[in-house]
Each structure stands twice: as structure tokens, then as C-alpha cells.
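Working through the structure, step by step
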Amino acid sequence: MANRKVRGACPHDCPDRCSWVVTVDDTGTAVALNGNTDHPLTAGRLCTKVNGYLQDRVYSPHRITRALRRAGPKGSGQFTPIDLDDALDEVATRLTRIAATEGPATIIPFSYEGTQGLLQSKSMSERFFARLGAAEVSHTICGPTGAAGLSAVNGFTVGALPEDAVHAELIIVWGANPVVTNQHLWPAMLAARSRGARIVVIDPVATRTARAADWHLMPRPGSDAALALGLAHLVITGDFVDHDFIATRTTGFDELAAAAADFTPGRTADITGIAESDLRALAAEYAAARPALIRLMVGMEHHTNGAALYAAIAALPVLTGMWRHPGGGIAYHTSPLFNRSLNLDGLRMAHLAPGPRRRINMVQLGQALADPDADPPARALVVHGSNPAVIVPRQPLVRRGMTRDDLFTVVHEHVLTDSARYADIVLPATTQLEHLDLMKSWGHTDLMLNLPAIDPPGDAISVTDLFRALAARMGFPEPCFSDSDDDLLATALSSTHPHLAGITLDRLREHGWQRLNIPTPHTPYAAEFATPDGRARLAAAARAATTALPRPPDARWPLQLLSVKGLRSMNSTYADTTQCARDGGPWLDLHPDDAAARAIADGDLIEVHNQHATITLHARVGARTRPGVVAVVFGAWSVTRTGASGASVNLLTPDSLTDAGGSAFHDTYVDVRPAR
Ligand SMILES: Nc1nc2c(c(=O)[nH]1)N[C@H]1C(S)=C(S)[C@@H](COP(=O)(O)OP(=O)(O)OC[C@H]3O[C@@H](n4cnc5c(=O)[nH]c(N)nc54)[C@H](O)[C@@H]3O)O[C@H]1N2
Ligand SMILES: Nc1nc2c(c(=O)[nH]1)N[C@H]1C(S)=C(S)[C@@H](COP(=O)(O)OP(=O)(O)OC[C@H]3O[C@@H](n4cnc5c(=O)[nH]c(N)nc54)[C@H](O)[C@@H]3O)O[C@H]1N2
Ligand code: SF4
Ligand SMILES: [Mo]
């Protein structure tokens, strides 16, 4: 029998959402995983991380294929394999008892973006926890802060489509690192460059994208609202504004002009650390481009004034009328196009909840877990598709909570992550090659079908099967808990929204993906904005002025720590792999002035410390950051595969919130010293 080819899609929390093809031999073994050559953005290429998916996850010797019961102290990683049925019985019995005696609100489900498949992450599990009346964890960590800032001005977050970058004459990559985090968009930017466009990067760190750009500006972290208002001031005083656009499509111009007037080039230069001459040059270049495109992603939102930064930036394409032009304006996430068109409510069935549910902000999971006097206290934690012991800020508190003996913890995983080590019961999860799923994208507009290619190894169970099995054991009578994965797929697609017109399951099966019905090029605000009166609200950008000033320095912790995404890891996924360990990291990027002041040389082992914790890393001394700013790749686990202690950066981050309730990861101040 010849090899079979099965179409699927990468499950990761990555805007590229690659389309892939799995080659399966006649023994049912996946022998190759390749990017789909038919998909325009994927263009036949996956990435460094996922090229290793077969050996690092699917067939990894470290993969969990049996259920495990804890056999040592929490966190020790000592487990005994048990039968899957026994494990499911135990989980069902414990959750039933906790719900009956302590109340269902003491049960905390924690899932995040390990897989972005709608079936695996947003269907049966959501129905189960709604029906149980468990606490509900708000997914605030990635995107909502930036989205709040953009929609405050535009009324909606979707702007230009990333691939329309090719039409731009100037591309400002503002607080984003596409060469690492959005690799399949970068070629569209390079195509624009080959047609004469310039690429400018605004980032306090000299990222790979910054190094590949035509011009790199390095502002002080968190000073971008001041930068945007300073540019707005130059655009207004230089009369680079689009008067007709302002008169017919906006409100609040006078408020914005008044607020921006305080951000003279001199003062803006003082606040941002960007030279006055550079500010003037950037404003002139921006205003002259037809059009200019600003690419925003997520990393920049992790400041206390995160939403304000995005709102201030949103003023620039409004003032200059950039939204009139294909490829002009701002490109941000495309996922709302799917959210509004697919039948997600039908998947989730939130109405199954017996009443209003307790809400916990995921940023403050540590408080919910560790506080014995919380009303109510946490009694169970059920994790799938996430690694809270690494990705949530203020880890000392999260881990203290996860160590509690009176907390029953279940983790559904591929490998023994930091979080899994704290579990009472670990359940083996299927990988993307072993389950069906429907995938939306937050970086393009193609809906994708992921077909299972191989059988799950051992006792590995999908998220949908896991929660069906628990619902059956717990006696939930609703027929929706018997829906098959095919039923769920049909539910997701049952919508009359025009974006889905012509998209059928048959077409998805045949091609692997289907583009939403969105006009190309996409000029969403050329005629009107998505606000009630159709006008952009410039007053929302003006309000950013009140939070635009940087925090005064603190002598105890003089260095601001930025934690950024890594080339060889996907958040904390793959941090355990040998390919990720290849460059010897994680490294702390340190400016030569800051290194010299502390007698630290390149490559030295150093301690990074603040009031929360101390972690040990190697210093990488160079001009990759501004003086006073240090940067580290986020995602390392505390316990690596070899058992050595790694350096999880979230041991140092606070659980303070952004102005839209997200995580202010970058609100982290530290000092460094040579390791003793
Ligand atoms: N290889 C890889 N790809 C990924 C991921 C990964 O872990 N690895 N993660 C995925 C996920 S979940 C996400 S959300 C995206 C994130 O994608 P990005 O947002 O592109 O990535 P980040 O590294 O979080 O942040 C981008 C940049 O913001 C900069 N920044 C921080 N503070 C400021 C500031 O105040 N001003 C300015 N101008 N810049 C600032 C940082 O220095 C950083 O270089 O990437 C996705 N893609
Ligand atoms: N300091 C700092 N912290 C950050 C960030 C930062 O930039 N700096 N970035 C933040 C951002 S933007 C994000 S999005 C979050 C990411 O946080 P998470 O979404 O939690 O990301 P991962 O660390 O990749 O953890 C996902 C886990 O899900 C598992 N998984 C994958 N597929 C499946 C499946 O099908 N079933 C089950 N049961 N499990 C599966 C993986 O093995 C992995 O361990 O981290 C946030 N934390
Ligand atoms: S992680 Fe991103 S770039 Fe890599 S294969 Fe998945 S979607 Fe493509
Ligand atoms: Mo993210």
C-alpha cells in the first residue's frame, strides 16, 4: 500500500496558522510533516519549531501515553502509571465530591492556547465546566488589551489584512517581531520592500526583525503613547492631516489636537529617548507614504498603560486618512472575523451554567490558588492546553498554590511540564495528528480543517473525549454531551453569516482550507468606522496622554525586564527540546554600560533578582537593548528534561493588570549581579 497524505493545520497560538500535509506509511506511522505547497501563506514551509513536531512531540520518548498518579510530593515529578479508566473514575469522583461539599465555584478550569482548535479548546470542555457551574477563567493574557485600545478608537480591531502589506510604501512594525513570531507574513513585507517600501521597526530591543529592517528606533519601554502623540503633534502642526477624512469620519479632533500639543518634539524626545530629528523624519515619512501600514502584535500590550498605547497609535492612520488606501492603516488580529461568523456559542453552550459563574482573571491565578481565605477557596484545578506554572505571572504565588495538599490538580498534557509535575492525576493528551479539529486564524482569513492522520498512542485521549467521558461518569443528562466530533464540526459551521457563504465541509475536506468571504484588498474603514456613528473616536486617543509618562526610576530595581518570544519555542512549548537548548539560552540581554557598572562580562553567569525571586542566567552583553532595559526569552521551564533548574522568567513578573485587565508582564523591575 502506498503512503497516504492527510491534510491538517498547525495547532499553535501563531498568527501564521500553517496548512500542513502529513505523510502516513502503510503501518499507520507518520513519516513526514510538511507545509502545504497549495496554501499561499504557508507556501510549503513550516517553521523551526514545528519541523520537529514528529520527533519532539508525536513520537517523543518523553511523551506521556499513560495516565499517571502522583507518588511523591507535589512538584517532585514522581508518578505511577495507572489505567485510564481508573484515572477518569478518580477525577469524576473527586470533582463530584468537591462540587457537592465545597461548591462547584471552588473548581478552577485552566486552559489556554496550547491548541487553538475550536473542538479541542472551545467545545466539550466549555460545555462541561458550564454545566458543572465551575469558576470561569477570563482569557486576558494575550490580545484583549491591544484590542481594547484599537476598538476604543475604531470600534473594532480588525484592520488591514496582513497580506495587504504588499501594497504599502512604508511599513512600521511597532512592538512586534514578525521574523520570529509571524514568519509567514515577513515575505509579504519583503515583497513590499522590493517594490520600494521601507520597513521601520519601533522596539526597545534589537530583535531579528529590527536587525533586518531599514531603520530601527529604540524607544523607552511603555513610552509609545507619548511617541504616537508626539508624531500626531508633528502631523497636525505640519498640516499633514487629511482634512476631509477628519471632517467626515471622525469625532474628537479638537481634544486630540489639544492633548498632542503637550507632546512637542523636545518633550517627546525626553520621554521616549528618541532624538528630535528622528521624530521629525519619521512623521514626515509616515505622512508622505501612500499608504503607510502599521503592524501591531501582542508583546507591546503587556504594560500598565497597554490599551492606551494602542489607542494613541490608532490616531495616526485616522489623522492621515491612511485607511482610504488598500494596505493602509493598521494590521492587527483577524480572529474577530471568524468569531463573528462561526457558531461558537453553539460549541460552547454557556447557557448550560446553573447560574452566574465565579470569574477569575488568569493573570491572578496565583491569588485564587494560594489564598486559603478566598471566598470560596480553590479546591480543584483542571488544566488542559496550558502550562500555568510557567506562563502566568507571579509564579512564586502560583506555585505555592499548586503545592497545597488540599488542592486536587489534574493536568492533561503531552509531556511532563512544570505544571504537570504538580498534578495529582496526569492524563495523556492526543496531538494534532490524532484528533479532528477546525482552526481559525488570527493572522490570516483562511478557515482550516485538521483531519486525524494516525491513531493515538497508548491511552492518549483527546480533550473532547476526555470531557465526554467525565460528563458520562458524572451523570450529566444533556444530549449535547454525546455529540461526536463530527457533530461539533457541523455545529461550528452552522451559520448563515456572509463570511461563510460557500464554505462547506466537503470543500474543507477537499482543500484543507477555505478563505472567508472578505473582499481583497480589505479597506474596512475607508467608508466608515465600526462605531455607532461610523466615526473614529479621536478623543479615546487623546485620553492616552494621561498615562503617557514613564514611571519614575526606582533605585532598588533600576533595570526594566522585557520578556519576549523565542525563535525555537512556542510560548513554553518546546522549551524542553534539544533544539531549543541549542543556543545555550536563555540569555539576559544587557547593555554594555549596565554590564560594566556591575562588573559583568559577556557570557557570565548572573543572578537576576527582585522582590519576588532570583533566577540565574547567562549575560549576553551588547547593544541589543537600551541602557536600563534588559530582555530575556520567555518560556523556559523551572525543571528541564535533565532535572536541572531552568530559569522561568515569570518568577520575577508581578500580577498587576493593564488598563484593560491583561497582564503587565513588562512592569517588571530587577537588578542583576554576578552569580555567587
Ligand atoms: N517563534 C515564536 N512565535 C510566536 C510565539 C512564540 O513564543 N515563539 N508566540 C506566539 C504568541 S502567543 C504571540 S502573542 C505572538 C507575539 O508576537 P509579538 O508581539 O511579535 O512578540 P513579542 O516578543 O511578545 O513582542 C514583540 C516585541 O514587543 C517589544 N516591546 C515590548 N515592550 C515594548 C514597548 O513598550 N514599546 C515597543 N515599541 N515595543 C515593545 C518587545 O521588545 C518585542 O520585541 O507571537 C506568536 N508567535
Ligand atoms: N513573561 C511572559 N509571560 C508570558 C508571555 C510573555 O511574553 N512573557 N506571553 C503570554 C502569552 S502572549 C501567551 S499566549 C501565553 C501562552 O500560554 P499557553 O497558551 O499556556 O502556552 P504554552 O506555554 O505553549 O502551553 C500550552 C500547553 O498546552 C499543551 N497542549 C498542546 N496541545 C494540546 C492538546 O491538544 N491538548 C492538551 N491537553 N494540551 C495540549 C502543550 O503541550 C503546552 O504544554 O503566555 C503568556 N505568558
Ligand atoms: S508555529 Fe506558526 S509558523 Fe510554525 S508551523 Fe505553526 S503556524 Fe506555521
Ligand atoms: Mo500570545
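Please read these numbers as outputs of a predicted model, since none were measured by experiment.

Thresholds applied
- Residues numbered from 1 in each chain as written.
- Chains lettered and ligands numbered in written order.
- Predicted model: local features only at pLDDT ≥ 70, side-chain atom pairs only at ≥ 80, totals over all residues.
- Heavy atoms only, no water.
- Helix = DSSP H or I, 4+ residues; strand = E, 2+ residues; numbered from the N terminus.
- Rg over C-alpha atoms; globule rule 2.2 N^0.38 Å.
- Contact = heavy atoms within 4.5 Å.
- Areas by Shrake-Rupley, 256 points an atom, 1.4 Å probe, with all protein chains shown as cover.
- Lys, Arg positive; Asp, Glu negative; His and termini not counted.
- Charge placed at Lys NZ, Arg CZ, Asp CG, Glu CD.
- Core = buried A, V, L, I, M, F, W, Y, C linked by side-chain atoms within 4.5 Å.
- Buried < 20%, exposed > 50% of the residue type's maximum accessible area, 1.4 Å probe, protein only.
- Near = heavy atom within 4 Å.
- Polar contact = N/O pair within 3.5 Å; in protein donor to acceptor, adjacent residues only side chain to side chain.
- Nonpolar A, V, L, I, M, F, W, Y, C, P; charged D, E, K, R; others polar.
- Domains from an automatic or database assignment.
- Buried area = accessible area lost by both parts, 1.4 Å probe.
- Pairing = 2+ DSSP bridges.
- Axes fitted to C-alpha atoms, helices over the stretch in contact; angles between N-to-C directions.
- Parallel < 35°, antiparallel > 145°, perpendicular 65-115°, else oblique.
- Left-handed = near helix turned anticlockwise from the far one by under 90°.
- Arc of directions from axis to C-beta.

1. As for the overall build of the chain
On a plain count of helices and strands, the chain comes out with 26 helices and 27 strands. Taken against the 2.2 N^0.38 rule, which gives 26 Å for 676 residues, the C-alpha radius of gyration of the chain at 25 Å falls within 12% of a compact globule. Here the C-alpha coordinates of the chain stretch approximately 70 × 65 × 50 Å along the principal axes. In the chain, the share of contacts with a sequence separation of at least 24, taken over all contacts with a separation of at least 6, comes to 76%. Accessible surface for the chain amounts to roughly 23,800 Å². Of this, 52% is attributable to carbon and sulfur atoms. Taking the 61 positively charged and 69 negatively charged side chains of the chain as two groups, their mean positions are separated by 2 Å.

2. Regarding the nonpolar core
Grouped together as the largest cluster of nonpolar side chains are 143 residues, with contacts concentrated most on F128, W174, L296 and L438. In terms of residues, this core owes the most to one element, helix α14 (residues 306–319), which gives eleven residues. Not counting chain neighbours up to four residues away, the residues in contact with W174 comprise I202, D224, L227, A228, L231, I294, R295, L296, M300, I313 and L316.

3. Some thoughts on the site of ligand 2
In the region of ligand 2, 30 residues are neighbours, and S386, E413, K565, S572 and T573 sit closest. Note that an oxygen atom of ligand 2 is positioned 3.4 Å from one of the backbone N or O atoms of N387. Taken together, the residues of the shell around ligand 2 sort by class into ten nonpolar, 16 polar and four charged. For the shell around ligand 2, the domains that each give at least three residues are domain 2 (67–139 + 348–488) and domain 4 (559–674).

4. Describing the domain arrangement of the chain
Each domain of the chain was delimited in the assignment, giving domain 1 (4–58), domain 2 (67–139 + 348–488), domain 3 (144–332 + 521–544) and domain 4 (559–674). One C-alpha centre belongs to domain 1, the other to domain 3, and the line joining them spans 34 Å. In this complex, domain 1 contributes ten residues to the contact, which on the side of domain 3 involves eight residues. Across the interface of domain 1 and domain 3, roughly 690 Å² is buried in total on both sides, 45% from carbon and sulfur atoms. On inspection of domain 1 and its partner domain 3, the count reaches four residue pairs in polar contact (both at pLDDT 80 or more). The class makeup of the residues in the side of domain 1 that touches domain 3 is six nonpolar, one polar and three charged.

5. With respect to the pairing of strand β17 (residues 425–428)
Across the two faces of β17 the burial is the same, with I425 and L427 and V426 and P428 all buried. One ladder, built from four bridges, connects strand β16 (residues 408–413) with β17; its direction is parallel. Looking across to β17, one finds that H412 is bridged to L427.

6. Overview of the environment of I199
Here I199 shows up in strand β9 (residues 198–202). Each C-alpha atom, one on I199 and one on A212, is 8.7 Å from the other, the two residues being 13 residues apart in sequence. Look past the residues within four positions of I199 in its chain and what remains in contact with it is I171, V173, W186, M189, R193, A213, D214 and W215.

7. Let's talk about helix α21 (residues 463–473)
Owing to its 3.6 residues per turn, the α-helix brings residues three or four apart onto one side. For α21, the buried fraction is high: eight of the eleven residues fall into the buried class. Along α21, the residues that are buried comprise V463, T464, L466, F467, R468, A469, L470 and A471. Looking at the residues trailing α21, positive phi occurs at G475, about 70 degrees.

8. Observations regarding the packing of helix α9 (residues 224–237) against α14
How two helices sit against one another is set out by the angle between their axes and by the gap between those axes. Where α9 meets α14, the closest approach of the two axes is 8 Å, and the angle between their N-to-C directions is 20 degrees. Considered as vectors, α9 and α14 are oriented roughly parallel to each other. For the pair α9 and α14, the crossing hand works out as left-handed. Residues D224, A225, A228, L229, L231, A232, V235 and I236 of α9 form the contact with α14, whose own contacting residues are A308, L309, A312, I313, L316 and L319.

9. Some points on the sheet that holds strand β3 (residues 30–35)
Strands sit in the order β1-β2-β3 across an open sheet of three strands; the sheet is antiparallel. This sheet does not close on itself; its edge strands, each paired only once, are β1 (4–9) and β3. On average, each strand axis in the sheet is inclined to that of its neighbour by 25 degrees, with strand direction left out of account. Relative to β3, strand β2 (residues 19–24) is paired through five bridges, and the arrangement is antiparallel. Among the inter-strand pairings, V22 is bridged to a residue of β3, identified as L33.

10. What about the sheet that holds strand β24 (residues 605–609)?
Spatially, six strands are ordered β22-β26-β23-β25-β24-β27 in a closed barrel, and the strand pairing comes out mixed. Mean inter-strand twist for the sheet, computed between neighbouring axes without regard to direction, equals 45 degrees. Pairing geometry for β24 and strand β27 (residues 669–674), over four bridges, is antiparallel. By the bridge assignment, H609 is partnered in β27 with D671.

11. A short note on helix α11 (residues 253–261)
Those residues of α11 that sit buried are L256, A259 and A260. Taken down its axis, α11 places every buried residue within 95 degrees of arc, on the same side.

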